[in-house]
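# Overview (structure and organization)
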Amino acid sequence: MSRLEAKKPPLFISEPLTRDAVSQSLSLLSGILKSSYGPAGRLKQLHNGVGGCVCTTSQSSALLGHLSTSQPVLRVLTASVRNHVSRFSDCGLFTAILCCGFIENFRSLNVAPFTVIKISKHLLSLCMDHLKSDTCGCRVSVDFSSVETLVCLVRSVLTSKPACMLNKTEVDHLTTLVLKAFLFTVPCHVENNAVLGKCVIVPVKGRRVVDSTVLPGLLIETPEFQLGKPLAVKRTGSNMIKTALFSVSMSGDGFNPEEGTIAVHHGVSLEISELNQLLDVGKQLVKDEVGLVMCQKVMHPSLKQYLKENGVIAVDRAGLSLMEPLGRMTGNEPPIASIHSLSPGCYGSLKDLCVESFASKHFLHLIPEDTVICSLILCNRSETAWDELKRVCEAAEHVLQLTMKEPLALLGGGCTETHLASYIRHKSSSLPASTFKDLDCSQTQYQLVADGFCRSLESVARSLSHDDGEILTDMVYGHCWFVPSGSPCVSKWSDLVSKCGCGMYGNAEDLSWRFLQGQSGSPVVPGCPKEPSVKVTDPLTLDCFAAKCSGLQVALETANLILDLSYIIEDQN
């Protein structure tokens, strides 16, 4: 068949970063992300323009998931950041803003992209070596024998998203719940390959945040069970409840061809034959003293009635999402995938069962012997705020898991960024000549790239301020300080600032404050920032160490990839 239209040749776009459309799109994306950053970030409402739900958020996962762009350069950037967020759940906006800053600052330099990439990789290695050294002044060790640092980590995640609309009491309450839920998932008996459990979030919308709670075990919504009625459940000789978990349909409305061929005699109903087979399964379950039967899919009403008459509680439509935690909690791993044979080893067990009620919902509460699975009943006043809160709580739990693997945290509130900028400025001013020879660059080129690197870090710290107030950095520790908007002119900065961004230092000592690079005032090359010299008792603003280190690396690698683009080839057909 001949073509109705001639095939168009591909479109070649050379030096895409020099195009106005790309520059404007990149600047717009950077502005959206910067205005969303931090506890005072401005909210964004996202919708598809033809109806449907509206998402109100300032989270990178929601923002980048809803934003669509036709620019290949921006698609590379957003895909890279979304991949980082899928792995770490935190520091998405940090990564995206820093990547935009690197692109903006590096492309304005009169230095070849190949040279910029080599130098920036060396600067990144200096940053990573410093962050991983014991002398790093923006790193905090996390002691799991005390909850103080863990509380700071969770609180920092919760307060970073204003769309959750939480007050201080609610933040404190949720911080305790998230930490408690995480501790439930840590196995009591540690083996060589210990695996953390799972926290299942149960939605309750339209209620107060302080009504949220955590329970060990799992909650399954079951309207047929009423509160106050005792559960007559069959138990074994050891006072445990034997359980059976099915992943196969038990509805009796058809058979799976993969399981074989069913031979039906003339005049025999297939439906009746399947029901009889299901009832035979029920008789086997009763004979094996099973007290609770759970099915991922639908269970035939006659089978449910038979089990009920014989003292067996039956729950169907559990759903795919609960199968993994149900299997792990009861020991039904893997779940029963066929109704044709039930071996004695296919069953699990529970410690107890009861009915719980929250709002207008009734739940069957499955209580295990060893708790590594728990349920977080999460409440919020509106659906939009609940959706945001769910994402934040999941991120906080993931941050705690990453911190358990690597018990370190970084100072938040812009202090890590300004500290690293101070460190790089000091380090780059005292490098030996052999470094420039190895990188095949001049000292001037190195200093230009280093300055762009530092300004990119500082632009992230500046993005935390949304009220046009001045931002300072001290010359002793290299921390970030925010001056409230509309503050009067004074001779001493200590009269206007009380604490640095992370909360580690106060204004008691003279720290020689200067305007942050990129604002009014001339840049000053500081000495190497000092280590913390005091034990901090006040709550700190902290960031996940693993997530922020990965974000720093992803931001630079993505920026270098985009800077190295010479052509974009688009298919026009």
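Residues numbered from 1 in each chain as written. Predicted model: local features only at pLDDT ≥ 70, side-chain atom pairs only at ≥ 80, totals over all residues. Heavy atoms only, no water.

Per an unreviewed UniProt entry, the protein chain goes by the name Molecular chaperone MKKS and belongs to Falcunculus frontatus. Here the protein chain is described in UniProt, under the heading Sequence similarities (unreviewed entry), as follows: "Belongs to the TCP-1 chaperonin family." According to its UniProt record, the protein chain has this under Function (unreviewed entry): "Probable molecular chaperone that assists the folding of proteins upon ATP hydrolysis. Plays a role in the assembly of BBSome, a complex involved in ciliogenesis regulating transports vesicles to the cilia. May play a role in protein processing in limb, cardiac and reproductive system development. May play a role in cytokinesis." (UniProt positions renumbered as here; feature names shortened; annotations may be inferred.)

Let us now look at the overall build of the protein chain. If you tally the helices and strands in the protein chain, you get 15 helices and 20 strands. Restricting the contact set of the protein chain to residue pairs at least 6 apart, pairs at least 24 apart contribute 75%. (Helix = DSSP H or I, 4+ residues; strand = E, 2+ residues; numbered from the N terminus. Contact = heavy atoms within 4.5 Å.)

The relative placement of two packed helices comes down to the angle between their axes together with the axis-to-axis distance. Helix α15 (residues 545-563) packs onto helix α5 (residues 113-131) with a crossing angle of 175° between their chain directions and a minimal axis gap of 10 Å. By the angle between their axes, α5 is roughly antiparallel relative to α15. Seen from α5, the contacting residues are Pro 113, Val 116, Ile 117, Ser 120, Lys 121, Leu 124, Cys 127, Met 128 and Leu 131; seen from α15, they are Phe 545, Cys 549, Leu 552, Gln 553, Leu 556, Asn 560 and Leu 563. For the contact of α5 with α15, the class distribution of residues is 12 nonpolar, three polar and one charged. (Axes fitted to C-alpha atoms, helices over the stretch in contact; angles between N-to-C directions. Parallel < 35°, antiparallel > 145°, perpendicular 65-115°, else oblique. Nonpolar A, V, L, I, M, F, W, Y, C, P; charged D, E, K, R; others polar.)

This part covers helix α7 (residues 168-184). Given a rise of 1.5 Å per residue, 17 residues ought to cover 24 Å, and the 24 Å separating the end C-alpha atoms of α7 matches this to within 8%. Looking at α7, one finds that the buried residues are Glu 170, Val 171, Leu 174, Thr 175, Leu 177, Val 178, Leu 179, Ala 181 and Phe 182. Looking at the buried positions of α7, the neighbouring elements they touch are α6 (148-159), β5 (198-205), β6 (213-216), β14 (373-380) and α11 (383-405). The opening residue of α7 is Asn 167, an N-cap whose side-chain oxygen sits 3.2 Å from the backbone nitrogen of Thr 169. (Expected span 1.5 Å × (residues − 1). Buried < 20%, exposed > 50% of the residue type's maximum accessible area, 1.4 Å probe, protein only. Polar contact = N/O pair within 3.5 Å; in protein donor to acceptor, adjacent residues only side chain to side chain.)

Before going further, it helps to examine the nonpolar core. The nonpolar side chains of soluble globular proteins are, as a tendency, buried together. Judged by nonpolar contacts, the single largest core of 124 residues is most densely connected at Leu 131 and Tyr 446. Residue assignment places this core across two domains, with domain 1 (12-137 + 411-570) and domain 2 (143-217 + 377-406) each supplying three or more. Not counting residues within four places of it along the chain, the set of residues in contact with Leu 131 comprises Cys 136, Cys 138, Arg 139, Leu 410, Leu 420, Phe 545, Cys 549 and Leu 552. Core analysis: the second largest hydrophobic core is formed by 23 residues, Phe 225, Ile 313, Val 315 and Ile 373 among them. (Core = buried A, V, L, I, M, F, W, Y, C linked by side-chain atoms within 4.5 Å. Domains from an automatic or database assignment.)

Moving on: the environment of Ser 463. Relative to the helices and strands, Ser 463 is located in the loop between α14 (443-462) and β16 (471-474). Residues Ser 463 and Lys 34 lie 429 residues apart in sequence; the distance between their C-alpha atoms is 5.2 Å. Setting aside anything within four residues of it in sequence, one finds Ser 463 in contact with Lys 34, Tyr 37 and Ile 97.

Right, let's get into the packing of aromatic side chains. Under the defined criterion, the tally for this structure stands at six aromatic pairs. A ring pair is formed by Tyr 477 and Tyr 505, whose centres lie 3.9 Å apart and whose planes are at 10°; its orientation type is stacked. In this pair, Tyr 477 sits in the loop between β16 and β17 (480-482) while Tyr 505 sits in the loop between β17 and β18 (513-515), placing the two residues 28 residues apart along the sequence. With relative accessibility at 3%, the residue Tyr 505 sits in the buried group. An aromatic cluster is defined as three or more aromatic residues linked by ring pairs; in this entry it consists of Phe 102, Phe 106 and Phe 453. Sitting above the plane of the Phe 94 ring, Lys 548 keeps its charged end 4.8 Å from the centroid. (Phe/Tyr/Trp six-rings, centres within 6.5 Å; stacked < 30°, edge-to-face > 60°. Lys NZ or Arg CZ within 6 Å of the ring centre and 35° of its normal.)

In this section: the sheet that holds strand β10 (residues 313-315). The four strands lie next to each other as β10-β9-β8-β11, forming an open sheet whose pairing is mixed. The strands lining the two open edges of the sheet, one partner per strand, are β10 and β11 (348-350). Within the sheet, the average angular offset between the axes of one strand and its neighbour, ignoring direction, is 25°. Pairing between strand β8 (residues 241-246) and strand β9 (residues 292-295): four bridges, direction parallel. Across the sheet, residue Leu 245 finds its bridge partner in β9, namely Met 294. (Pairing = 2+ DSSP bridges.)

Residue placement: His 130 occurs in helix α5. Those residues in contact with His 130 that lie beyond four places of it in its chain are Thr 135, Cys 136, Gly 137, His 419, Leu 420 and Tyr 423.

All right, on to the pairing of β14 then. Burial within β14 is extensive, with eight of its eight residues counted as buried. Because side chains alternate across β14, one face comprises the buried residues Ile 373, Ser 375, Ile 377 and Cys 379, and the other comprises Cys 374, Leu 376, Leu 378 and Asn 380, equally buried. In this structure, β5 lies alongside β14, joined through eight bridges in parallel fashion. Across the sheet, Val 204 pairs through a bridge with Cys 379, a residue of β14. Taken together, the four bridges between β6 and β14 define a ladder with antiparallel strand orientation.

This paragraph deals with the packing of helix α3 (residues 72-88) against α15. The contact between α3 and α15 brings their axes to 10 Å, and the two run at 160°. The pairing of α3 with α15 is recorded here as roughly antiparallel in orientation. Here α3 runs over α15; the crossing is right-handed. Facing Val 73, Val 76, Leu 77, Ser 80, His 84, Arg 87 and Phe 88 of α3, the residues of α15 in contact are Ala 546, Ala 547, Ser 550, Gly 551, Val 554, Thr 558, Leu 561 and Ile 562. Residues that form the contact of α3 with α15 fall into these classes: nine nonpolar, five polar and one charged. (Left-handed = near helix turned anticlockwise from the far one by under 90°.)

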